[in-house]
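# Structural overview
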There are 2 protein chains.
Amino acid sequence: MPPQDKLELADVARLAGVSPATASRALSNAYGVSPATRARVLEVAERVNYVVSPEASGLARGTRQRVALVVPHIERWFFGAMVSGLGSVLRAAGFDVLLYHVGDSEDRSRFFEQLPARRKVDAVVVVAFPVADEERARLELMGVTVVAAGGQNAAYPFVCIDDHAAARQAVDHLLQLRHTRIGMIGARDPAWPNWPVRPGRIQAYYDCLEAAGIEVDPALISTVDWGPEHGAEGMARLLSLREPPTAVYAHSDEIAFGAMSVLRRAGLRVPQDMSIVAIDDHPLSAFLDLTTVAQPVPEQGKLTAQMLLALLRGEETDQAMHVPTKLVVRGSTTRLRSAEENTGANM
Amino acid sequence: MPPQDKLELADVARLAGVSPATASRALSNAYGVSPATRARVLEVAERVNYVVSPEASGLARGTRQRVALVVPHIERWFFGAMVSGLGSVLRAAGFDVLLYHVGDSEDRSRFFEQLPARRKVDAVVVVAFPVADEERARLELMGVTVVAAGGQNAAYPFVCIDDHAAARQAVDHLLQLRHTRIGMIGARDPAWPNWPVRPGRIQAYYDCLEAAGIEVDPALISTVDWGPEHGAEGMARLLSLREPPTAVYAHSDEIAFGAMSVLRRAGLRVPQDMSIVAIDDHPLSAFLDLTTVAQPVPEQGKLTAQMLLALLRGEETDQAMHVPTKLVVRGSTTRLRSAEENTGANM
DNA sequence: CTGTTAGCGCTTTCAT
DNA sequence: ATGAAAGCGCTAACAG
């Protein structure tokens, strides 16, 4: 009996010999229905394969049970993993997930201009991207709870890693390996030019070097768009310096992958000729032997969702929540060798 | 004026000095409203920031304007890219995207048992996974259009690559490079044991070797779960053979990445000691110099969505649609060298 | 515990 | 071209 969805509550009620009201109560397991009646209604509903109309139910009860996920780059591991974590707890809580993929700045502005999620959701989660002031103003029009997953977003409660701490783990690792000429390949997001995506990842570089008494050489800092191809670009630039770094700290594993490919092509060995460390622990990093600072991504999604649910229940929650990161030492970093034991570090 | 969503059509109508009926017509740009009136209504709606209640509107007009995407592994590039393609055309057509992430077999059976999307969507897209018969039966209960993206699914209209052809491009490439001992690392999905995920990718191996007059050595076939860690496993097994292959064809780039890591650790060089080719053209493949058969993923998503929209409009469409693949030769494959010019190919 | 009665906010005949 | 009125399918008082 295919399009069984033609059956409505009234039918079930009639079949069960009760009023629609009672049937409704039985189905939504509210109080005030005798076990026998409820059982009968449930049995009938089951038998005829009945499901409530969410539109009607939502209209009547003024609820939506839906949350919007606004995601910039769904095809990237990080965002997918975040969505996966968010989704699992939201679904478990009976919420449906409406996905709004804002791949480029055009999608982005369309989303905030038109607010396609208006009146459709109880909350929105902005996944790992900074919300501009005007955008925040627009979002406000929706009048719903907003939280941020995987990126600090002063404006909303958020959960993410402590970028500064993570970056410190990376840079300190290099420092401990006695490197002093440490390059940094930083990432910006082309969709948000002039917006330092992860200020903490930059600041930590300065702070660590300073703490180690090393003066920052601006030439060693390369800022590129996100992505392996640009990581490659950044590395190439560093290699072209008269005095290249002996180690590089990349803002993300994917940047590092690109950097490593340039090194390989230049005939330089990792880690002997160049140490490299990054942040993320991408699923492929173990296979590329990349030393990195791991962050738990699906967990961040789950925590964000839990925070959101608490907020929706009207509970108080922290404005910020940080999850810990952990340095994973693999084969891409090694102790700086002194000049005499060195073999071909300078191109 | 934050929760502006309290305004209803009636308010707009009043403010514009018309009846709700007229206001409704004006907003849904139906016929039968004088330009002047329409303009006035639109102006008011705009000014007070009005949006229709999708629940009420949907209830009244019996429509949903939503499609469900059922996605197995959202954190993997392939699925994310597919979703991105699907989403862009669906959104452009005014549909909202409901995401159902079925990560493991438990999620899966829950999805098909409970059919959480019932009565919520106009269609469902199963993204790159085979639907079992019982599952199809359940899906039927929803009484909506179903299409498959990125994987053939005899049961539903679908768009995907021709696996057999793609695999042939890969294996023939190896054959042309004079390899004769060609290994295959095939992938199965742990969530669907005993289900050959991509039969065409296996069959083509047999067919190509046969066409080349080479007898298939079962020892050269290694079937593993999806993922780099298992690709590594598969490669290790092949390497442990008394007479290992000189080239390997992997079902997917991510399998190949794992395989390559094992080779590197074993001190074997790619491609000198082992050629390796795969299918996908993962965004990182260019940086790992992997020869592979590229498939256009977001395009498949777009095409699937277009096919779905056509179906929803009641048009006829092809039951199957194949997108072309293309061999991308990079550095992981090379001509088989004869024994005498060989250096250390046998562990 | 159960039935009756109003709506929820919008669309859509059917009149005018 | 516009308005009045009757629902769409369900839930939430309010009685009993």
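So, here's what we can say about the structure. (Residues numbered from 1 in each chain as written. Chains lettered and ligands numbered in written order. Predicted model: local features only at pLDDT ≥ 70, side-chain atom pairs only at ≥ 80, totals over all residues. Heavy atoms only, no water.)

The subject of this paragraph is the overall build of chain A. Each helix and strand in chain A was counted, giving 13 helices and twelve strands. A globule of 347 residues ought to have a C-alpha radius of gyration of about 20 Å, yet chain A, at 26 Å, is considerably larger. Overall, the C-alpha framework of chain A stretches about 95 × 40 × 35 Å when taken along its three principal axes. For chain A, the proportion of its 347 residues judged to be buried stands at 55%. Here the analysis covers contacts within chain A between residues at least 6 apart in sequence; of these, 71% occur between residues at least 24 apart. Accessible surface, chain A: about 14,600 Å² in total, of which carbon and sulfur atoms supply 52%. Considering chain A, the positive charge centre built from 35 side chains and the negative charge centre built from 41 side chains are found 6 Å apart. (Helix = DSSP H or I, 4+ residues; strand = E, 2+ residues; numbered from the N terminus. Rg over C-alpha atoms; globule rule 2.2 N^0.38 Å. Buried < 20%, exposed > 50% of the residue type's maximum accessible area, 1.4 Å probe, protein only. Contact = heavy atoms within 4.5 Å. Areas by Shrake-Rupley, 256 points an atom, 1.4 Å probe, with all protein chains shown as cover. Lys, Arg positive; Asp, Glu negative; His and termini not counted. Charge placed at Lys NZ, Arg CZ, Asp CG, Glu CD.)

Time to look at the relation of the copies chain B and chain A. Here chain B sits on chain A after a turn of 180° about the axis and a move of 0.0 Å along it, with an RMSD of 0.2 Å. Both copies are brought into coincidence by an operation consistent with a two-fold rotation axis. (Least-squares fit on C-alpha atoms with pLDDT ≥ 70 in both.)

Turning our eyes to something else, we now look at the sheet that holds strand β10 (residues 291-294) of chain B. For sheets, the rule is that strands pair by backbone hydrogen bonds, running either parallel or antiparallel. Residue and element names in this part refer to chain B. With respect to topology, six strands assemble into an open sheet ordered β7-β6-β8-β9-β10-β12, the strand pairing being mixed. If you trace the sheet from one side to the other, it starts and ends with β7 (221-225) and β12 (326-328), each paired once. The sheet shows a mean angle of 20° between the axes of neighbouring strands, direction not considered. Where strand β9 (residues 275-280) meets β10, four bridges bridge the pair, whose relative direction is parallel. (Pairing = 2+ DSSP bridges. Axes fitted to C-alpha atoms, helices over the stretch in contact; angles between N-to-C directions.)

Facing 56 residues of chain B, the contacting portion of chain A comprises 55 residues. Summed over both sides, the interface between chain B and chain A buries roughly 4,900 Å², with carbon and sulfur atoms accounting for 55% of that surface. Three residues stand out in chain B for area buried against chain A, namely E55(B), R119(B) and F287(B), and they jointly supply 18% of the buried area on that side. The salt bridge involving D289(A) is made with R265(B); its shortest N-O contact spans 3.6 Å. (Buried area = accessible area lost by both parts, 1.4 Å probe. Salt bridge = Lys/Arg side-chain N within 4 Å of Asp/Glu carboxyl O.)

Before going further, it helps to examine the pairing of strand β4 (residues 145-149) of chain B. Residue and element names in this part refer to chain B. Burial analysis of β4 places four of its five residues in the buried class, the great majority of the element. Judged from the five bridges that link them, strand β3 (residues 123-127) and β4 form a sheet pairing that is parallel. Across the sheet, the residue bridging to V125 is V147, located in β4. With helix α7 (residues 133-140) bridging β3 and its parallel neighbour β4, the resulting β-α-β unit is right-handed. Sheet topology places β4 next to strand β5 (residues 158-161); two bridges connect them, and they run parallel. If you follow A148 over to β5, its bridge partner there is F158. (Right-handed = clockwise from strand over helix to strand, strands pointing away.)

Our next topic: the protein's contact with DNA strand C. Around DNA strand C, the structure places 24 residues, and the nearest of them are R25(A), T37(A), L9(B), S24(B) and Y50(B). Within 4 Å of the protein, atoms of DNA strand C come from sugar and phosphate in 63% of cases. At a separation of 2.8 Å, a phosphate oxygen of DNA strand C approaches a polar backbone atom of S34(A). Contact distances for DNA strand C include 2.3 Å between a phosphate oxygen and a side-chain N or O atom of Y50(B). (Near = heavy atom within 4 Å. Polar contact = N/O pair within 3.5 Å; in protein donor to acceptor, adjacent residues only side chain to side chain.)

For the rest of this paragraph, the subject is the side chain of H173(A). As for its placement among the helices and strands, H173(A) is situated in helix α8 (residues 163-176). Here H173(A) falls in the buried class, since its relative accessible area comes to 8%.

On to the pattern of salt bridges. When the charged atoms of two side chains lie near each other, side chains of opposite charge can form a pair. Tallied over the full model, the rule gives 40 salt bridges over all chains. Shared partners join several salt bridges into a network, and the residues in it are E106(A), D107(A) and R110(A).

Before going further, it helps to examine the protein's contact with DNA strand D. Taken together, 24 residues are adjacent to DNA strand D, and L9(A), S24(A), Y50(A), R25(B) and T37(B) come closest. Of all atoms in DNA strand D that approach within 4 Å of the protein, 67% are sugar or phosphate atoms. A distance of 3.3 Å separates a base nitrogen of DNA strand D from a polar atom in the side chain of R25(A). A distance of 2.9 Å is found between a phosphate oxygen of DNA strand D and a side-chain nitrogen or oxygen belonging to T22(B). Contributing elements (two or more residues each) for the surface near DNA strand D: α2 (20-27) and α4 (54-61) of chain A together with α2 (20-27) and α4 (54-61) of chain B. The element best represented in the surface near DNA strand D is α4(A), accounting for four residues. Among the residues making up the surface near DNA strand D, the classes are represented as eleven nonpolar, eight polar and five charged. (Nonpolar A, V, L, I, M, F, W, Y, C, P; charged D, E, K, R; others polar.)

Apart from glycine, the bulk of residues carry a negative phi angle, and the bulk of peptide bonds sit in the trans form. Cis geometry is adopted by the peptide bond preceding P271(A), which originates at V270(A) and carries an omega value of 10°. Even without being a glycine, R119(B) presents a positive backbone phi close to 65°. Along the chain, R119(B) falls in the loop between α6 (105-114) and β3. Classification of R119(B) by relative accessible area gives buried; the value is 12%. For D281(B), which is not glycine, the phi dihedral falls at a positive 60°.

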